[in-house]
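Examining the three-dimensional arrangement
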Amino acid sequence: MDKNTWPYASYPEGFNKLLNKIMPLWARPMKKIMGPLLIKILIDG
Amino acid sequence: MREVEKAMKPKELRKYRVKLFRDAQSWVKPDRISHYGNIVTWKIFDAGYTIDQAVTNFDVMEEVVVKFLDTYPIDVLIDIGIRNQFNVTEAFGMGENGYYYYDAEVVGINDHAYCPVDRLLEYIEDKEKFAWEVALPEKFPDFYEKSVDTWKNVWKEYIKYIMFIFKMNSVCNKYGLPSGAPNNPMKGTINFAIEEAITNLLGIRNLSIALRRNFDELKEFCDAWHEKETKPIIDKVLKSDYGPDMKYCFDASLIMLSQNILNPKQFDELYWCYLEPLLKAYETKGKCPRIFTEGKIGSFVDHFTDFKKGSLAFHLENDNPWEIREALPNVAIIGGLTTQLLGNASPEECVEYTKKLIDELGSDGGFILSEDKMLSYRNDCKSENLKAVCEFVSTYEL
């Protein structure tokens, strides 16, 4: 796969699509805060 | 610990400790000197564990923190075990692409860069977009191959980490430990362009090169960062209520590191012109930020001489506290204890030096005791020395 074929490659659309797949329903209202923090952990870590 | 403090309930003790910090930074003589515990991974060794046993196991880390708080009376602890995201990154499969590394004795970070100089403006335009679409796929060659199951595991570990943060905050509440400052990993820390450049975007090596070859691009990036990131914080401070926020020991926590590689012109044009308005905003509103001046700040002390007493507190690393007191009699000092002393001297020598620090720098306010370095390695400190210092400072009335 690459950025043209991976369905979650774009931001924010692809990222949100991925979050909807992995986040439980109860957590989705916190997407706007928890999503960027997760990205920060992965990029700085 | 003083009897009057032993008798306090946790909430009361937390409020009292905040007052000790606030009195000291406002140059009001406190009842006693407060101790800002700059202790990080050393406490893992002191609890009988190794680094690798603690950083991937929240139960072990909680035990480490609780043992520490039971043994050493301290007023604030910089690290309550939550600087610890390895389970999240390992669920993702960081491997050798990760910037952090650890083994039994050490946690470290390699100098790294994830944004070329010519893309800094693209980064600041939308940081998350840049990270997701550019930096992460470059950092991880297999980024687009990660399965949804891998991402689900990452999410599970992430939630466990978030819950651990809440748990450890609750542990600290039980010990009457206040928070140091309002900015934290959940709310975001206050940072400046040049600091983000040196720690993550360019790294030390690439920043050093860019300072010579790409000054104009750096300046443009710093200006854009100021507009997007710092100005909103300044506006928020200026709209806030006057006076210190008594829920916290300080009104903000900043780290200064890049001044160690900047010459005076670079410091003025890439740092000071953005930092000064923020510090002036805090001063205007009667607030006091803590600035951890990593390395040395000595070359730039002249920039801070005009600030009112009570509006700044420097946590010193390599600067001599007496020299800084002489150069900046208006700035409260946090620090004084060296790893050289704590790791090598006797308990009596440590207490004698602590008394000297307090008597000479803190008897009229303006001083908070702390360790100069983040105590991280096994030999940074002897347990009996820290115990002796903690017992002394928690009972020595001014």
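Residues numbered from 1 in each chain as written. Chains lettered and ligands numbered in written order. Predicted model: local features only at pLDDT ≥ 70, side-chain atom pairs only at ≥ 80, totals over all residues.

Each helix and strand counted, chain B has 17 helices and nine strands in total. Against the 2.2 N^0.38 benchmark of 21 Å for 398 residues, chain B shows a C-alpha radius of gyration of 21 Å, consistent with a compact globule. For chain B, the proportion of its 398 residues judged to be buried stands at 41%. In chain B, once contacts between residues fewer than 6 apart in sequence are set aside, the share between residues at least 24 apart is 75%. (Helix = DSSP H or I, 4+ residues; strand = E, 2+ residues; numbered from the N terminus. Rg over C-alpha atoms; globule rule 2.2 N^0.38 Å. Buried ≥ 20, exposed ≤ 12 C-beta atoms within 10 Å, placed from the backbone. Contact = placed C-beta atoms within 7 Å.)

Residues and elements named next belong to chain B. Assignment of secondary structure puts Cys172 in helix α9 (residues 148-174). We classify Cys172 as buried; it has 20 C-beta atoms within 10 Å. Sequence separation between Cys172 and Ala54 is 118 residues, and the spatial gap between their C-alpha atoms is 18 Å. Leaving out residues up to four positions away in the same chain, Cys172 has contacts with Ile80 and Leu177.

Turning our attention to the pairing of strand β9 (residues 367-371) of chain B. Residue and element names in this part refer to chain B. With five of five residues buried, β9 is to be regarded as a mostly interior element. Note that strand β1 (residues 35-37) and β9 share two bridges and pair parallel. Paired with His35 across the two strands is Leu369, which belongs to β9. Alignment of strand β8 (residues 332-337) against β9, held across five bridges, turns out to be parallel. Paired with Ile334 across the bridge in β9 is Ile368. (Pairing = 2+ DSSP bridges.)

Glancing now at the interface of chain B and chain A. Residue-level contacts link 26 residues of chain B with 20 residues of chain A. At the level of secondary structure, the elements contributing two or more residues to the side of chain B that touches chain A comprise α6 (86-92), α8 (127-139) and α9 of chain B. Counting residues per element, the side of chain B that touches chain A draws most heavily on α8(B), at nine residues.

Our next topic: the sheet that holds β9(B). All names here are of chain B. Read across the open sheet, the seven strands follow the order β2-β1-β9-β8-β7-β6-β5; overall the sheet is parallel. The sheet is open, and its two borders are formed by β2 (76-77) and β5 (252-256), each paired with just one other strand. Sheet topology places strand β6 (residues 289-293) next to strand β7 (residues 313-316); four bridges connect them, and they run parallel. Note on β7: the bridge partner recorded for Thr293 is Leu316.

Before going further, it helps to spend a moment on the packing of helix α1 (residues 13-22) of chain A against α9(B). Angle between the axes and distance between the axes: these two values describe a pair of packed helices. In the contact formed by α1(A) and α9(B), the axes pass within 9 Å of each other and the chain directions differ by 75°. Comparing their axes, α9(B) and α1(A) come out roughly perpendicular. Residues A:Leu18, A:Lys21 and A:Ile22 of α1(A) form the contact with α9(B), whose participating residues are B:Val148, B:Trp151, B:Lys152 and B:Trp155. Partitioned by chemical class, the residues of the contact of α1(A) with α9(B) number five nonpolar, no polar and two charged. (Axes fitted to C-alpha atoms, helices over the stretch in contact; angles between N-to-C directions. Parallel < 35°, antiparallel > 145°, perpendicular 65-115°, else oblique. Nonpolar A, V, L, I, M, F, W, Y, C, P; charged D, E, K, R; others polar.)

Trans is the prevailing form of peptide bonds, just as negative phi is the prevailing case for residues other than glycine. For the bond running from A:Tyr11 to A:Pro12, omega is 5°, close enough to zero to count as cis. Within the fold, A:Pro12 resides in the segment before α1. Phi is positive for B:Trp27, close to 65°, though the residue is something other than glycine. Position of B:Trp27 among the secondary structure elements: in the loop between α2 (10-25) and β1.

Further remarks concern the nonpolar core. Residues and elements named next belong to chain B. By size, the foremost hydrophobic cluster in this structure holds 111 residues, and its most contacted members are Leu312, Phe314, Ile333 and Ile368. Per-element tally for this core: the top contributor is helix α13 (residues 264-284), with eight residues. Not counting residues up to four positions away in its chain, the partners in contact with Ile368 are Phe21, Ala24, Ile33, Ser34, Tyr36, Ala332 and Ile334. (Core = buried A, V, L, I, M, F, W, Y, C linked by C-beta atoms within 7 Å.)

Further remarks concern α2(B). Since one α-helical turn is 3.6 residues long, residues separated by three or four positions face the same way. All names here are of chain B. Over its 16 residues, α2 runs 23 Å from end to end, which matches the ideal 22 Å to within 8%, given 1.5 Å per residue. Taken together, the buried positions of α2 are occupied by Arg14, Arg17, Val18, Leu20, Phe21, Arg22, Ala24 and Gln25. For α2, the secondary structure elements touched by its buried residues are β7, β8, α16 (347-362) and β9. Of the residues flanking the end of α2, it is Trp27, one or two places downstream, whose phi is positive at about 65°. (Expected span 1.5 Å × (residues − 1).)

Our next topic: the pairing of β5(B). Residue and element names in this part refer to chain B. Across the five residues of β5, four count as buried, placing the element largely inside the fold. Summarising the sheet, β5 and β6 pair through five bridges and their orientation is parallel. What sits directly across from Ile255, in β6, is Phe292.

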